[in-house]
Every structure is written in structure tokens, then in C-alpha cells.
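# Observations on the model geometry
Below are the chains, spelled out letter by letter.
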Amino acid sequence: SGTDRGGSGQGMGNCIAAGICHSFSADGRCISLLKILMTNDCVFDCHYCVNRVSNDVERATFTPDEICTLTMEFYRRNYIEGLFLSSAVVKNPDYTCELLIQTLRLLREEYGFRGYIHAKAIPGADNRLLTLLGMLADRMSVNIELPSERSLKLLAPDKSKRSILQPMGLIAGKIQETRYDLIRYRSTPKFAPAGQSTQMIIGAAPETDYQILNVAESLYKKFELKRV
């Protein structure tokens, strides 16, 4: 949660500065998620990110088994109801996406985990890999990062508007495709049934509130996002 605040004995609840976040599932429930990065070993140099390649920070990478064990142990203790798995881009987008797929496949098929999973799509990864990832996750998201192409060039020189919007379009298309197929075939595998979302950084670039709201509205309309 980013903050430590103990219960007073008079109010309700408390905050612990561990990586547990809250999200809303497809049926509207508020759920607790273990939110982690698979790795912070990134090849990109986004100026706003602590894990940028030019920053001198200690690097670490989970193995798929470690993430599965952590998720299952936390779930058994009732700390969490699901997993929010993201990652820095290690080596290249395809390699990173393959690691995420390997982890989710292991969690679903070997560990039998039926809980909620939110997976970050990796911009630049092959469409086939993103499709496989969406078949294993409940929700997917692609970070739009910044409100304009100009700001992206300034603060995230390795990324482009096209590389971000392309996977968003793919995910939206696959969700719609699955929706139509389910009408005809009940056994159709579901693709990201809880939809997709995105997030952007506000205040790092000079866009106005009006521009930011316009971007958010167009994203909701074009890609049917659940949340910006």
C-alpha cells in the first residue's frame, strides 16, 4: 500500500507497506492482489522509472516457480485473492512475455490456481505471445505511460505511441472476438474476461487537464477500457 498505519482499536482497518493492492473484478468485487514485478532488470531508459537501464540500482529476477510459490502461500494464508504480475523488459519484449506466459501457465496448470490474475502486456511483444498471455489472465493492461507522443519521445525514448496502442487494439479485438464466439459455442476459451485497463503518468509533461481527459475518453471509447 506504500504506507504503514496500524489499527487504533477504535476505527476500522490498517495499512501495511507490503505489495498488496486492491482492484475490482469483472463482477464488481473489490479484491486484494499481490502486486509484483517479475524483474526490475530493464533494457529501456524511461527517465521517470527507477528501474531504467541508466540507473544504478540492484537488479533481481524471480523464477516462475518462485512467483507461483509466493502466490500460493499468500493465497493459503488469506492475504490475497489474486495476482497482479508486471515486469520490466528484460533482454527484449518477446523474452519477457514468454517468462510471464511460463509463470501463468505453471500457476494455472501445475499449481491449479483458479484465482484472479491481472497481467501486464509487454509493448513490442509478438501478437501470438500476447494472445497466449490473455488466455491465461483475467485482465490485461498496457501502460500508455504519457498523454502524448511528444512526451513519450522526451521521457521514454525507447517507446512509441504505435507500440503501445497496437497491443491495446489486439486485446480489445480478442475480447470482442471471444464475446461473439461464446454466443455460438459455450466451450470457447475466454480471453481476458475482466477486460483491459491502462495507466498514465500525470505531471511529468506539460499536457493540460483537458488534454489528459480527452486522451482518457478516447481510450475508453476506442478500446472499451475498464479503467484509465
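Quantities reported herein were computed from a predicted structural model and do not represent experimental measurements.

What counts as what
- Residues numbered from 1 in each chain as written.
- Predicted model: local features only at pLDDT ≥ 70, side-chain atom pairs only at ≥ 80, totals over all residues.
- Heavy atoms only, no water.
- Helix = DSSP H or I, 4+ residues; strand = E, 2+ residues; numbered from the N terminus.
- Rg over C-alpha atoms; globule rule 2.2 N^0.38 Å.
- Buried < 20%, exposed > 50% of the residue type's maximum accessible area, 1.4 Å probe, protein only.
- Contact = heavy atoms within 4.5 Å.
- Areas by Shrake-Rupley, 256 points an atom, 1.4 Å probe, with all protein chains shown as cover.
- Lys, Arg positive; Asp, Glu negative; His and termini not counted.
- Charge placed at Lys NZ, Arg CZ, Asp CG, Glu CD.
- Phe/Tyr/Trp six-rings, centres within 6.5 Å; stacked < 30°, edge-to-face > 60°.
- Lys NZ or Arg CZ within 6 Å of the ring centre and 35° of its normal.
- Pairing = 2+ DSSP bridges.
- Right-handed = clockwise from strand over helix to strand, strands pointing away.
- Core = buried A, V, L, I, M, F, W, Y, C linked by side-chain atoms within 4.5 Å.
- Expected span 1.5 Å × (residues − 1).
- Polar contact = N/O pair within 3.5 Å; in protein donor to acceptor, adjacent residues only side chain to side chain.

### Considering the overall build of the chain
Scanning the chain for helices and strands turns up six helices and six strands. Seen in sequence order, the chain has helices and strands lined up from the N terminus as β-β-α-β-α-β-α-β-α-α-β-α. The globule rule puts the C-alpha radius of gyration for 228 residues at 17 Å, and the 18 Å found for the chain is close to it. C-alpha atoms of the chain, sized along the principal axes, occupy 55 × 45 × 40 Å. Burial statistics for the chain: of 228 residues in total, 43% are counted as buried. Sequence-distant contacts, at least 24 apart, represent 60% of the contacts inside the chain between residues at least 6 apart. Counting every atom, the chain has about 12900 Å² of accessible surface; 51% of that belongs to carbon and sulfur. The averaged location of the 25 negative side-chain charges in the chain is 6 Å from the averaged location of its 28 positive side-chain charges.

### Things to note about the packing of aromatic side chains
In this structure the tally under the stated criterion is two aromatic pairs. Between Phe74 and Tyr79, the aromatic rings sit 5.4 Å apart at their centres with planes inclined by 80 degrees, giving edge-to-face as the arrangement. A relative accessible area of 22% places Phe74 in the partly exposed class. With centroids separated by 5.2 Å and ring planes inclined at 90 degrees, the aromatic side chains of Tyr75 and Phe113 adopt a geometry described as edge-to-face. In this pair, Tyr75 sits in helix H1 (residues 64-76) while Phe113 sits in the loop between helix H2 (93-110) and strand S4 (116-120), placing the two residues 38 residues apart along the sequence. Positioned above the aromatic ring of Phe84 is the side chain of Lys35, whose terminal nitrogen or guanidinium carbon lies 4.8 Å from the ring centre. For Lys91, the ring lying beneath its charged end belongs to Tyr95, and the centroid distance is 4.4 Å.

### Quick word on the pairing of S4
Across the five residues that make up S4, a large majority, five, are buried. Neither face of S4 is left uncovered, since the one carrying Tyr116, His118 and Lys120 and the one carrying Ile117 and Ala119 both have all their residues buried. The sheet contact formed by strand S3 (residues 82-86) and S4 spans four bridges and is parallel. Looking at S4, one finds that Gly82 is bridged to Tyr116. The parallel pair S3 and S4 is bridged by H2, and the resulting crossover is right-handed. What joins S4 to strand S5 (residues 139-141) is helix H3 (residues 127-136), and the crossover it makes is right-handed.

### Some remarks on the nonpolar core
Ranked by size, the top nonpolar core spans 53 residues in total, and within it Leu83, Leu85, Cys97, Leu104, Leu133 and Met140 carry the most contacts. The residues contacting Leu133, other than those within four sequence positions of it, are Cys97, Leu100, Ile101, Leu104, Ala119, Lys120, Ala121 and Met140. The next biggest cluster of nonpolar side chains, apart from the first, holds six residues, and it includes Ile31, Phe84, Tyr116 and Ala194.

### Here we look at H2
Because the α-helix completes a turn every 3.6 residues, residues three or four places apart line up on one side. For H2, which comprises 18 residues, the first-to-last C-alpha distance of 25 Å matches the rise-based estimate of 26 Å (1.5 Å per residue) to within 8%. Turning to H2, its buried residues number three or more, namely Pro93, Thr96, Cys97, Leu99, Leu100, Ile101, Thr103, Leu104, Leu107 and Arg108. If you check the start of H2, you find a side-chain oxygen 3.2 Å away from the backbone N of Asp94, and it comes from Asn92. In the stretch just after H2, Gly112 is the one whose phi turns positive, near 70 degrees.

### With respect to the environment of Tyr111
Within the fold, Tyr111 resides in the loop between H2 and S4. Assessed through its relative accessible area of 30%, Tyr111 is described here as partly exposed. Separated by 42 residues in the primary sequence, Tyr111 and Thr69 have C-alpha atoms spaced 8.7 Å apart. Non-local contacts of Tyr111, meaning those with residues more than four positions away in its chain, are made with Asp65, Cys68, Thr69, Met72 and Leu106.

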